[in-house]
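# Fold and contact review
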Amino acid sequence: LDPGTRDVIFPLRINPILVGPGQPVHADGARTLLATGNFPSIGERRGVSDIEAVIRVGTDVYRHRNHTGDLRALLRRIINSFLRARTEDGAFASRIPAEAYSLDISAGLNPASVQRLNQLRGVIGLATAAPAEFFWFEFARDDRALEEEIESS
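Presented here is a report on the structure given in the accompanying data block.

Cut-offs and rules
- Residues numbered from 1 in each chain as written.
- Predicted model: local features only at pLDDT ≥ 70, side-chain atom pairs only at ≥ 80, totals over all residues.
- Heavy atoms only, no water.
- 1 Å grid on protein atoms, 1.4 Å probe; cavity = no way out; pocket = protein on both sides within 12 Å on 5 of 7 lines; lining within 4 Å.
- Points joined across faces, edges and corners; volume = space filled by probe spheres on them.
- Helix = DSSP H or I, 4+ residues; strand = E, 2+ residues; numbered from the N terminus.
- Nonpolar A, V, L, I, M, F, W, Y, C, P; charged D, E, K, R; others polar.
- Patch = residues over 30% accessible without salt bridge, like charges linked within 9 Å, V, L, I, M, F, W, Y side chains within 5 Å.
- Areas by Shrake-Rupley, 256 points an atom, 1.4 Å probe, with all protein chains shown as cover.
- Salt bridge = Lys/Arg side-chain N within 4 Å of Asp/Glu carboxyl O.
- Buried < 20%, exposed > 50% of the residue type's maximum accessible area, 1.4 Å probe, protein only.
- Phe/Tyr/Trp six-rings, centres within 6.5 Å; stacked < 30°, edge-to-face > 60°.
- Contact = heavy atoms within 4.5 Å.
- Polar contact = N/O pair within 3.5 Å; in protein donor to acceptor, adjacent residues only side chain to side chain.
- Core = buried A, V, L, I, M, F, W, Y, C linked by side-chain atoms within 4.5 Å.

### Quick word on the layout of surface pockets
Approximately 800 Å³ is the volume found for the largest pocket. Surrounding the largest pocket, 27 residues form its lining, Arg56, Thr59, Leu75, Leu120 and Gly122 being those nearest its centre. It is helix H2 (residues 42-59) that contributes the most residues to the lining of the largest pocket, 6 residues altogether. Its residues assigned to classes, the lining of the largest pocket comprises 14 nonpolar, 7 polar and 6 charged.

Below you can see the structure in the form of structure tokens.
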């Protein structure tokens, strides 16, 4: 792919497929077609999709329990434990749980009208880390060792 073509398609949020000498075929970029909104990079979207799936599977066994404060507290503990472990693994923008995610499965989200619909609602906010999509290195000659050697002579 020549740089001119890349300059045309990349602003359209299309990640060019590249093949370089000694490199595997790879996507040069981490963007999705969604430029704004939640999780606009491939890594963020995949990470959130994985978290969604794990929470859905991990809480599915509790679907037929009575909707009580105890059930909400149990789900809060389960989900919080999982998100805390992901935080410690470095999955979010911070390793501090209060900065990495928020979790609300309160009675305020689950009034009688929601319970009559046989629903239990929760809101999970995730502070995903943006990808390091491009690396820019600057190389310069470092003469410190030479200068130290000259000074010690």
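### Observations regarding a nonpolar patch on the surface
Residues Leu12, Ile14 and Leu33 make up a contiguous nonpolar surface patch of roughly 320 Å² in combined accessible area. Tracing the backbone shows Leu33 in the loop between strand S2 (26-27) and H2.

### What about unusual backbone geometry?
Unlike most non-glycine residues, Asn118 shows phi in positive territory, near 60°. Secondary-structure assignment places Asn118 in the loop between helix H5 (112-116) and strand S4 (123-126). Since its relative accessible area comes to 74%, Asn118 is described here as exposed.

### Some remarks on the packing of aromatic side chains
In the structure shown here, the tally under the stated rule is 2 aromatic pairs. With a centroid separation of 6.4 Å and an interplanar angle of 50°, the aromatic rings of Phe92 and Tyr101 are classed as tilted. Residue classification places Phe92 among the buried positions, given a relative accessible area of 5%. According to the relative accessible area criterion, Tyr101 is buried, its value standing at 9%. Seen in terms of ring centroids, Phe137 and Phe139 are 6.4 Å apart; in terms of plane orientation they differ by 50°. Their pairing is tilted. With respect to burial, Phe137 and Phe139 carry one shared label: exposed.

### Here we look at the environment of Glu138
Secondary-structure assignment places Glu138 in the loop between S4 and helix H6 (144-152). Overall, the relative accessible area of 81% leaves Glu138 in the exposed class. For the pair Glu138 and Arg77, spaced 61 residues apart in the sequence, the C-alpha separation amounts to 47 Å.

### Thoughts on the side chain of Asn110
Structurally, Asn110 is set in the loop between strand S3 (101-104) and H5. Classification of Asn110 by relative accessible area gives buried; the value is 1%. Residues contacting Asn110, with those up to four places away along its chain left out, are His67, Arg72, Ile105, Gln115, Gln119, Leu120 and Arg121.

### With respect to the side chain of Ser94
The residue Ser94 is located in the loop between helix H3 (69-88) and helix H4 (97-100) in this model. At 2.9 Å, the side chain of Ser94 forms a polar contact with the side chain of Glu99. Once residues lying within four places of it in the same chain are set aside, the contact partners of Ser94 are Thr87, Glu99 and Ala100.

### Some details on the environment of Tyr62
Among the structural elements, Tyr62 can be located in the loop between H2 and H3. By relative accessible area, Tyr62 is classed as buried at 18%. For the pair Tyr62 and Leu146, spaced 84 residues apart in sequence, the C-alpha to C-alpha distance is 68 Å.

### A word on the nonpolar core
Ile51, Ile55, Leu83, Phe92 and Leu126 are the most contacted members of the largest nonpolar core, which has 16 residues in total. At the level of secondary structure, the elements contributing two or more residues to this core comprise H2 and H3. Excluding residues within four positions of it along the chain, Leu83 makes contact with Ile51, Ile55, Phe92, Tyr101, Ile124 and Leu126.

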